[in-house]
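# Structural overview
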Amino acid sequence: MSASSAPITFSHGPTWRNRVALAPLTNLQSGSDGVLSDDEHTWLTRRAEGGFGLVMTCAAFVSSAGHSFPGQLGVSDDMHLAGLTRLADGLRAAGSVSSLQLQHGGRRGDRALSDDLVAPWDDAKYGATALTTEGVEQMVDDFATAARRAEQAGFDGVEIHGAHGYLIAQFLDGRSNTRTDRYGGSADNRFRVVHETVAAIRAATGPDFQLGLRLSPERYGIVLDEARELAAQVMADGAIDYLDMSMWDAFKMPHGEEPGDRPLLDLFTELPRGDVRLGVAGKILTAAQVRECLERGVDFVLAGTAGILHHDFPRRVVDDPDFAATHPQPASHFVAESVGPLFLDYLSTNWDDFVTADGVR
(Lines give C-alpha, C1' and ligand atoms only; values in the text may rest on other atoms or scores of the structure.)
Protein backbone atom coordinates (compact mmCIF):
# COMPACT_ATOMS: atom_id res chain seq x y z
CA MET A 1 0.00 0.00 0.00
CA SER A 2 1.35 3.42 -0.93
CA ALA A 3 1.39 6.19 1.65
CA SER A 4 -1.25 8.16 -0.22
CA SER A 5 -3.67 5.23 -0.34
CA ALA A 6 -3.59 4.58 3.41
CA PRO A 7 -6.87 5.40 5.20
CA ILE A 8 -6.83 8.24 7.72
CA THR A 9 -8.91 8.47 10.89
CA PHE A 10 -10.04 11.49 12.89
CA SER A 11 -11.32 12.29 16.36
CA HIS A 12 -14.77 12.94 14.91
CA GLY A 13 -16.52 11.69 11.83
CA PRO A 14 -15.75 9.04 9.23
CA THR A 15 -12.43 7.64 8.07
CA TRP A 16 -11.18 8.91 4.72
CA ARG A 17 -10.34 6.09 2.32
CA ASN A 18 -7.03 7.74 1.38
CA ARG A 19 -4.88 10.80 2.02
CA VAL A 20 -5.72 12.84 -1.07
CA ALA A 21 -8.50 15.41 -0.61
CA LEU A 22 -10.07 17.68 -3.20
CA ALA A 23 -9.20 21.25 -2.32
CA PRO A 24 -12.04 23.81 -2.16
CA LEU A 25 -12.18 25.37 -5.61
CA THR A 26 -14.05 28.42 -6.85
CA ASN A 27 -16.06 27.31 -9.89
CA LEU A 28 -18.86 29.89 -10.33
CA GLN A 29 -21.44 27.23 -11.22
CA SER A 30 -24.13 27.82 -8.58
CA GLY A 31 -27.25 29.91 -9.14
CA SER A 32 -27.30 33.64 -8.47
CA ASP A 33 -29.01 32.86 -5.16
CA GLY A 34 -26.40 30.27 -4.15
CA VAL A 35 -28.54 27.24 -4.97
CA LEU A 36 -26.53 24.25 -6.21
CA SER A 37 -26.62 23.69 -9.98
CA ASP A 38 -26.53 20.42 -11.90
CA ASP A 39 -23.08 21.31 -13.25
CA GLU A 40 -21.64 21.84 -9.79
CA HIS A 41 -23.21 18.61 -8.56
CA THR A 42 -21.70 16.71 -11.49
CA TRP A 43 -18.27 18.33 -11.10
CA LEU A 44 -18.01 17.33 -7.43
CA THR A 45 -19.58 13.87 -7.54
CA ARG A 46 -17.28 12.98 -10.44
CA ARG A 47 -14.30 13.65 -8.12
CA ALA A 48 -15.82 11.36 -5.50
CA GLU A 49 -16.18 8.69 -8.18
CA GLY A 50 -12.53 9.32 -9.08
CA GLY A 51 -11.35 8.22 -5.66
CA PHE A 52 -10.74 11.35 -3.58
CA GLY A 53 -10.79 10.51 0.12
CA LEU A 54 -12.47 13.81 0.92
CA VAL A 55 -14.40 15.98 -1.51
CA MET A 56 -14.77 19.56 -0.35
CA THR A 57 -17.05 22.13 -1.93
CA CYS A 58 -16.02 25.60 -2.97
CA ALA A 59 -16.31 28.35 -0.38
CA ALA A 60 -20.02 28.66 0.50
CA PHE A 61 -21.26 31.96 1.89
CA VAL A 62 -22.70 31.80 5.42
CA SER A 63 -24.65 35.06 5.16
CA SER A 64 -25.87 37.30 2.37
CA ALA A 65 -23.42 40.02 3.48
CA GLY A 66 -20.58 37.59 2.84
CA HIS A 67 -21.61 36.66 -0.72
CA SER A 68 -18.31 37.11 -2.54
CA PHE A 69 -18.67 36.31 -6.23
CA PRO A 70 -21.30 35.38 -8.82
CA GLY A 71 -22.09 31.71 -9.00
CA GLN A 72 -20.95 31.09 -5.42
CA LEU A 73 -22.53 28.22 -3.51
CA GLY A 74 -24.63 29.26 -0.52
CA VAL A 75 -25.40 27.78 2.89
CA SER A 76 -26.99 30.87 4.43
CA ASP A 77 -30.64 29.97 4.04
CA ASP A 78 -32.94 26.94 4.12
CA MET A 79 -33.56 27.45 0.40
CA HIS A 80 -30.07 25.96 -0.07
CA LEU A 81 -30.93 22.75 1.79
CA ALA A 82 -32.40 20.71 -1.05
CA GLY A 83 -29.38 21.16 -3.32
CA LEU A 84 -26.90 20.59 -0.50
CA THR A 85 -28.72 17.43 0.54
CA ARG A 86 -28.59 16.14 -3.01
CA LEU A 87 -24.87 16.83 -3.15
CA ALA A 88 -24.09 15.21 0.21
CA ASP A 89 -26.06 12.13 -0.83
CA GLY A 90 -24.22 11.96 -4.15
CA LEU A 91 -20.78 12.22 -2.57
CA ARG A 92 -21.58 9.53 -0.03
CA ALA A 93 -22.95 7.21 -2.71
CA ALA A 94 -19.68 7.60 -4.62
CA GLY A 95 -17.64 6.58 -1.57
CA SER A 96 -16.17 9.92 -0.52
CA VAL A 97 -16.33 11.78 2.78
CA SER A 98 -17.92 15.20 2.23
CA SER A 99 -17.11 18.65 3.58
CA LEU A 100 -18.77 22.00 2.96
CA GLN A 101 -16.38 24.95 3.20
CA LEU A 102 -17.87 27.88 5.15
CA GLN A 103 -16.85 31.38 4.14
CA HIS A 104 -17.68 35.06 4.59
CA GLY A 105 -16.06 37.52 2.20
CA GLY A 106 -16.00 40.48 4.56
CA ARG A 107 -14.52 43.49 2.77
CA ARG A 108 -13.83 41.21 -0.20
CA GLY A 109 -17.52 40.58 -0.71
CA ASP A 110 -19.18 41.62 -3.95
CA ARG A 111 -21.10 44.90 -3.71
CA ALA A 112 -23.21 43.81 -6.68
CA LEU A 113 -24.40 40.91 -4.51
CA SER A 114 -24.44 42.58 -1.09
CA ASP A 115 -25.23 46.18 -0.19
CA ASP A 116 -23.67 45.83 3.25
CA LEU A 117 -19.97 44.94 3.10
CA VAL A 118 -18.40 44.53 6.53
CA ALA A 119 -14.89 44.14 7.89
CA PRO A 120 -13.09 44.21 11.24
CA TRP A 121 -12.38 47.91 10.57
CA ASP A 122 -13.85 50.70 8.45
CA ASP A 123 -12.31 50.24 5.02
CA ALA A 124 -12.91 53.08 2.57
CA LYS A 125 -11.09 51.28 -0.25
CA TYR A 126 -13.66 48.50 -0.27
CA GLY A 127 -16.57 50.54 1.09
CA ALA A 128 -16.81 48.22 4.09
CA THR A 129 -18.08 49.17 7.55
CA ALA A 130 -16.53 47.91 10.77
CA LEU A 131 -18.53 45.25 12.54
CA THR A 132 -19.70 46.12 16.01
CA THR A 133 -18.85 43.70 18.80
CA GLU A 134 -22.39 42.37 18.49
CA GLY A 135 -21.87 42.10 14.73
CA VAL A 136 -18.82 39.90 15.25
CA GLU A 137 -20.80 37.72 17.61
CA GLN A 138 -23.53 37.45 14.96
CA MET A 139 -20.94 36.47 12.35
CA VAL A 140 -19.71 33.66 14.60
CA ASP A 141 -23.30 32.52 15.02
CA ASP A 142 -23.79 32.63 11.23
CA PHE A 143 -20.91 30.18 10.83
CA ALA A 144 -22.40 27.90 13.48
CA THR A 145 -25.87 28.06 11.93
CA ALA A 146 -24.40 27.26 8.51
CA ALA A 147 -22.55 24.27 9.96
CA ARG A 148 -25.76 23.03 11.51
CA ARG A 149 -27.48 23.41 8.14
CA ALA A 150 -24.66 21.45 6.46
CA GLU A 151 -25.07 18.68 9.02
CA GLN A 152 -28.82 18.68 8.39
CA ALA A 153 -28.12 18.30 4.67
CA GLY A 154 -26.04 15.21 5.38
CA PHE A 155 -22.49 16.51 5.01
CA ASP A 156 -19.91 14.65 7.07
CA GLY A 157 -18.30 17.92 8.11
CA VAL A 158 -17.38 21.50 7.32
CA GLU A 159 -14.21 23.51 6.95
CA ILE A 160 -13.93 27.06 8.28
CA HIS A 161 -12.30 29.31 5.69
CA GLY A 162 -9.86 31.36 7.72
CA ALA A 163 -7.45 32.01 4.84
CA HIS A 164 -6.88 34.09 1.68
CA GLY A 165 -7.86 37.44 3.14
CA TYR A 166 -11.57 36.71 3.65
CA LEU A 167 -13.37 37.91 6.77
CA ILE A 168 -11.93 35.57 9.40
CA ALA A 169 -8.43 36.09 7.99
CA GLN A 170 -9.02 39.85 8.04
CA PHE A 171 -9.24 39.68 11.83
CA LEU A 172 -5.73 38.15 11.85
CA ASP A 173 -4.24 41.14 10.01
CA GLY A 174 -2.05 42.86 12.57
CA ARG A 175 -1.44 45.86 10.29
CA SER A 176 -5.07 46.98 10.18
CA ASN A 177 -7.04 45.24 12.93
CA THR A 178 -6.59 47.77 15.69
CA ARG A 179 -10.04 47.24 17.16
CA THR A 180 -10.28 48.15 20.84
CA ASP A 181 -12.74 45.41 21.81
CA ARG A 182 -11.83 41.78 22.46
CA TYR A 183 -11.42 41.05 18.74
CA GLY A 184 -8.54 43.38 17.88
CA GLY A 185 -5.15 44.70 18.86
CA SER A 186 -3.12 41.93 20.47
CA ALA A 187 -2.51 38.63 18.70
CA ASP A 188 -4.63 36.80 21.26
CA ASN A 189 -7.52 39.17 20.60
CA ARG A 190 -7.15 38.84 16.82
CA PHE A 191 -7.05 35.03 17.16
CA ARG A 192 -10.20 35.06 19.29
CA VAL A 193 -12.67 34.98 16.39
CA VAL A 194 -11.09 31.73 15.14
CA HIS A 195 -11.36 30.04 18.52
CA GLU A 196 -14.92 31.27 19.07
CA THR A 197 -16.03 30.10 15.62
CA VAL A 198 -14.55 26.65 16.20
CA ALA A 199 -16.23 26.41 19.61
CA ALA A 200 -19.58 27.63 18.27
CA ILE A 201 -19.61 25.04 15.48
CA ARG A 202 -18.66 22.26 17.89
CA ALA A 203 -21.53 23.29 20.17
CA ALA A 204 -24.00 23.48 17.27
CA THR A 205 -23.23 20.09 15.72
CA GLY A 206 -23.14 16.48 16.78
CA PRO A 207 -20.25 14.38 18.14
CA ASP A 208 -19.62 12.66 14.80
CA PHE A 209 -19.38 15.87 12.77
CA GLN A 210 -15.95 16.52 11.27
CA LEU A 211 -14.48 20.02 11.56
CA GLY A 212 -11.55 21.46 9.65
CA LEU A 213 -9.92 24.89 9.53
CA ARG A 214 -8.08 26.50 6.62
CA LEU A 215 -5.37 29.06 7.39
CA SER A 216 -2.84 31.03 5.36
CA PRO A 217 0.69 30.91 6.78
CA GLU A 218 1.77 34.34 5.54
CA ARG A 219 0.79 37.49 3.63
CA TYR A 220 -2.69 39.09 3.92
CA GLY A 221 -1.19 40.97 6.88
CA ILE A 222 -0.40 37.67 8.60
CA VAL A 223 3.01 37.37 10.22
CA LEU A 224 4.60 33.92 9.98
CA ASP A 225 5.38 33.66 13.70
CA GLU A 226 1.76 34.49 14.51
CA ALA A 227 0.49 31.98 11.96
CA ARG A 228 2.61 29.30 13.63
CA GLU A 229 1.32 30.30 17.03
CA LEU A 230 -2.32 30.17 15.93
CA ALA A 231 -1.76 26.81 14.23
CA ALA A 232 -0.15 25.49 17.42
CA GLN A 233 -3.06 26.77 19.51
CA VAL A 234 -5.82 25.19 17.42
CA MET A 235 -3.99 21.87 17.20
CA ALA A 236 -3.30 21.84 20.95
CA ASP A 237 -6.94 22.67 21.67
CA GLY A 238 -8.03 19.59 19.73
CA ALA A 239 -11.52 20.88 18.87
CA ILE A 240 -10.83 20.69 15.14
CA ASP A 241 -10.16 17.42 13.36
CA TYR A 242 -7.76 18.77 10.78
CA LEU A 243 -5.82 21.90 9.90
CA ASP A 244 -5.58 22.76 6.20
CA MET A 245 -2.59 24.99 5.52
CA SER A 246 -3.13 26.73 2.19
CA MET A 247 0.33 27.75 0.98
CA TRP A 248 -0.27 28.45 -2.74
CA ASP A 249 2.95 26.47 -3.19
CA ALA A 250 3.58 23.62 -0.75
CA PHE A 251 7.29 23.62 -1.59
CA LYS A 252 8.11 27.33 -1.20
CA MET A 253 10.38 29.11 1.21
CA PRO A 254 8.89 31.67 3.62
CA HIS A 255 8.09 35.03 2.05
CA GLY A 256 10.49 37.62 3.39
CA GLU A 257 10.69 35.97 6.79
CA GLU A 258 13.36 34.26 8.84
CA PRO A 259 14.40 31.50 8.90
CA GLY A 260 14.58 31.73 5.13
CA ASP A 261 16.65 28.61 4.61
CA ARG A 262 13.89 26.17 5.61
CA PRO A 263 10.81 25.31 3.55
CA LEU A 264 7.65 26.93 4.84
CA LEU A 265 5.96 23.55 5.23
CA ASP A 266 8.59 22.34 7.71
CA LEU A 267 7.75 25.20 10.05
CA PHE A 268 4.28 23.70 10.50
CA THR A 269 4.97 19.96 10.41
CA GLU A 270 7.31 20.41 13.38
CA LEU A 271 4.51 21.77 15.58
CA PRO A 272 2.88 19.38 18.08
CA ARG A 273 -0.50 18.38 16.71
CA GLY A 274 -1.97 15.91 19.20
CA ASP A 275 -4.88 14.13 17.51
CA VAL A 276 -5.38 16.86 14.91
CA ARG A 277 -4.41 15.95 11.34
CA LEU A 278 -2.35 18.35 9.26
CA GLY A 279 -2.90 18.87 5.53
CA VAL A 280 -1.25 21.09 2.95
CA ALA A 281 -2.38 22.58 -0.36
CA GLY A 282 -0.48 24.33 -3.12
CA LYS A 283 0.82 23.21 -6.53
CA ILE A 284 0.73 19.50 -5.74
CA LEU A 285 0.56 18.09 -9.25
CA THR A 286 2.56 14.87 -9.30
CA ALA A 287 2.76 11.53 -7.54
CA ALA A 288 6.28 12.44 -6.44
CA GLN A 289 5.05 15.68 -4.85
CA VAL A 290 2.30 13.83 -2.99
CA ARG A 291 4.93 11.42 -1.64
CA GLU A 292 7.26 14.28 -0.71
CA CYS A 293 4.58 16.08 1.30
CA LEU A 294 3.65 12.92 3.18
CA GLU A 295 7.30 12.06 3.80
CA ARG A 296 7.89 15.55 5.18
CA GLY A 297 5.27 14.96 7.82
CA VAL A 298 1.82 16.06 6.68
CA ASP A 299 -1.05 13.66 7.19
CA PHE A 300 -2.80 14.41 3.89
CA VAL A 301 -2.62 16.62 0.82
CA LEU A 302 -5.27 18.73 -0.86
CA ALA A 303 -5.19 18.75 -4.65
CA GLY A 304 -6.73 21.67 -6.51
CA THR A 305 -5.35 22.07 -10.02
CA ALA A 306 -4.65 18.34 -10.25
CA GLY A 307 -8.24 17.62 -9.28
CA ILE A 308 -9.53 19.88 -12.04
CA LEU A 309 -7.29 18.22 -14.60
CA HIS A 310 -8.05 14.65 -13.52
CA HIS A 311 -11.18 13.56 -11.66
CA ASP A 312 -9.28 10.39 -10.70
CA PHE A 313 -6.01 12.01 -9.61
CA PRO A 314 -5.77 9.89 -6.40
CA ARG A 315 -5.98 6.65 -8.39
CA ARG A 316 -3.42 7.84 -10.92
CA VAL A 317 -1.02 8.70 -8.09
CA VAL A 318 -1.29 5.16 -6.72
CA ASP A 319 -1.14 3.40 -10.09
CA ASP A 320 1.79 5.36 -11.52
CA PRO A 321 4.57 6.64 -9.21
CA ASP A 322 5.74 8.92 -12.02
CA PHE A 323 2.34 10.41 -12.82
CA ALA A 324 2.20 14.18 -13.39
CA ALA A 325 -0.83 16.36 -14.07
CA THR A 326 0.11 18.91 -16.71
CA HIS A 327 -1.46 21.97 -18.27
CA PRO A 328 -2.46 23.65 -20.50
CA GLN A 329 -4.98 21.19 -21.88
CA PRO A 330 -7.55 21.68 -24.64
CA ALA A 331 -11.07 22.65 -23.70
CA SER A 332 -12.34 19.19 -24.72
CA HIS A 333 -10.17 17.64 -22.00
CA PHE A 334 -11.92 19.66 -19.31
CA VAL A 335 -15.36 18.94 -20.72
CA ALA A 336 -14.53 15.22 -20.54
CA GLU A 337 -13.52 15.79 -16.90
CA SER A 338 -16.98 17.23 -16.06
CA VAL A 339 -15.87 20.85 -15.90
CA GLY A 340 -19.02 22.78 -16.81
CA PRO A 341 -19.13 25.74 -19.21
CA LEU A 342 -19.16 28.45 -16.53
CA PHE A 343 -16.23 26.84 -14.72
CA LEU A 344 -14.37 26.40 -18.02
CA ASP A 345 -14.89 30.06 -18.87
CA TYR A 346 -13.57 31.05 -15.43
CA LEU A 347 -10.44 28.94 -15.95
CA SER A 348 -9.93 30.31 -19.47
CA THR A 349 -10.41 33.93 -18.43
CA ASN A 350 -8.31 33.96 -15.27
CA TRP A 351 -5.33 31.76 -16.22
CA ASP A 352 -3.59 32.06 -19.57
CA ASP A 353 -1.76 28.74 -19.18
CA PHE A 354 -4.66 26.46 -18.31
CA VAL A 355 -7.04 26.01 -21.25
CA THR A 356 -6.21 26.02 -24.95
CA ALA A 357 -8.44 25.74 -27.97
CA ASP A 358 -8.81 22.17 -29.20
CA GLY A 359 -5.85 21.21 -31.34
CA VAL A 360 -3.63 23.96 -29.86
CA ARG A 361 -0.94 23.36 -27.22
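Small disclaimer: the values here were computed from a predicted structure and weren't measured.

This part is about the environment of Ile 222. Here Ile 222 is to be found in the loop between β7 (210-215) and α6 (224-237). The exposure class assigned to Ile 222 is buried, which follows from its relative accessible area of 8%. Measuring from C-alpha to C-alpha, the distance between Ile 222 and Gly 165 comes to 9.2 Å, with 57 residues separating the pair along the chain. In this structure, Ile 222 is in contact with Leu 172, Ser 216, Pro 217 and Ala 227, ignoring residues within four places of it in sequence.

Moving on, we come to helix α2 (residues 81-93). Taking 1.5 Å per residue as the helical rise, α2 with its 13 residues ought to reach 18 Å, and the 18 Å between its terminal C-alpha atoms agrees with that figure. Those residues of α2 that sit buried are Leu 81, Gly 83, Leu 84, Leu 87, Ala 88, Gly 90 and Leu 91. Close packing links the buried residues of α2 with α1 (38-49), β2 (54-61), β3 (97-103) and α3 (133-153). With its phi angle positive at about 95 degrees, Gly 95 sits one or two positions after the end of α2.

Most often, soluble globular proteins keep nonpolar side chains buried together rather than apart. Leu 100, Leu 102, Leu 243 and Phe 268 are the most contacted members of the largest nonpolar core, which has 98 residues in total. Top element by residues in this core is α3. It accounts for nine residues. Apart from the residues within four sequence positions on either side, Leu 243 is in contact with Leu 213, Leu 215, Ala 231, Val 234, Met 235, Val 276, Arg 277, Leu 278, Gly 279 and Phe 300. Of all hydrophobic cores here, the second largest spans twelve residues; its members include Phe 10, Trp 16, Ala 21 and Ala 281.

With seven of seven residues buried, β3 lies mostly within the body of the structure. Here β3 shows no split at all, with Val 97, Ser 99, Gln 101 and Gln 103 on one side and Ser 98, Leu 100 and Leu 102 on the other all buried. For β2 and β3, the ladder comprises six bridges, and the chain directions are parallel. Of the residues in β3, the one forming a bridge with Ala 59 is Gln 101. Once the chain exits β2 it traverses α2 before rejoining the sheet at β3, and the crossover so formed is right-handed. Relative to strand β6 (residues 157-162), β3 runs parallel, the two sharing four bridges. For Leu 102, the partnering residue across the bridge sits in β6 and is Ile 160.

Turning our attention to the packing of aromatic side chains. Following the criterion strictly, the structure yields ten aromatic pairs and no others. Both rings, one in Trp 16 and one in Tyr 242, keep their centres 5.6 Å apart while their planes meet at 70 degrees; by these two values the pair is edge-to-face. A residue pair is termed long-range when its members are at least 10 positions apart, and Trp 16 in the segment before β1 (20-22) and Tyr 242 in strand β8 (residues 242-246) qualify at 226 residues. Accessibility assignment for this pair places Trp 16 and Tyr 242 in one class, buried. Geometrically, the ring pair formed by Tyr 242 and Phe 300 is edge-to-face, given 5.6 Å between the ring centres and 90 degrees between the ring planes.

Let us now look at the pairing of strand β9 (residues 277-281). Counting buried residues along β9, four of its five residues qualify, which places the element largely inside the surrounding structure. In this structure, β8 lies alongside β9, joined through five bridges in parallel fashion. Considered in β9, the bridge of Met 245 is made with Val 280. The pairing of β9 with strand β10 (residues 300-303) spans three bridges and is parallel. Directly across from Gly 279, in β10, lies its bridge partner Phe 300. Taken together, β9, helix α8 (residues 287-295) and β10 form a β-α-β motif whose crossover is right-handed.

One closed barrel holds the eight strands; their spatial order is β1-β2-β3-β6-β7-β8-β9-β10, and the pairing between them is parallel. Neighbour to neighbour, the strand axes of the sheet diverge by 25 degrees on average, direction disregarded. In this sheet, β7 lies alongside β6 in parallel orientation, the contact comprising six bridges. By the bridge assignment for β7, Gly 157 is matched with Gln 210. Running over the sheet, α1 touches β1 and β2 and is turned about 155 degrees from β2.

With that settled, consider the side chain of Ser 96. Tracing the backbone through its elements, the reader meets Ser 96 in the loop between α2 and β3. Judged by its relative accessible area of 4%, Ser 96 is buried. Side-chain polar atoms of Ser 96 contact the backbone oxygen of Phe 52, separated by 2.7 Å. Apart from residues lying up to four places away in sequence, Ser 96 is in contact with Arg 17, Ala 48, Phe 52, Gly 53, Leu 54, Val 55, Leu 91 and Asp 156.

Each value, and the rule that gives it
Residues numbered from 1 in each chain as written. Predicted model: local features only at pLDDT ≥ 70, side-chain atom pairs only at ≥ 80, totals over all residues. Heavy atoms only, no water. Helix = DSSP H or I, 4+ residues; strand = E, 2+ residues; numbered from the N terminus. Buried < 20%, exposed > 50% of the residue type's maximum accessible area, 1.4 Å probe, protein only. Contact = heavy atoms within 4.5 Å. Expected span 1.5 Å × (residues − 1). Core = buried A, V, L, I, M, F, W, Y, C linked by side-chain atoms within 4.5 Å. Pairing = 2+ DSSP bridges. Right-handed = clockwise from strand over helix to strand, strands pointing away. Phe/Tyr/Trp six-rings, centres within 6.5 Å; stacked < 30°, edge-to-face > 60°. Axes fitted to C-alpha atoms, helices over the stretch in contact; angles between N-to-C directions. Polar contact = N/O pair within 3.5 Å; in protein donor to acceptor, adjacent residues only side chain to side chain.

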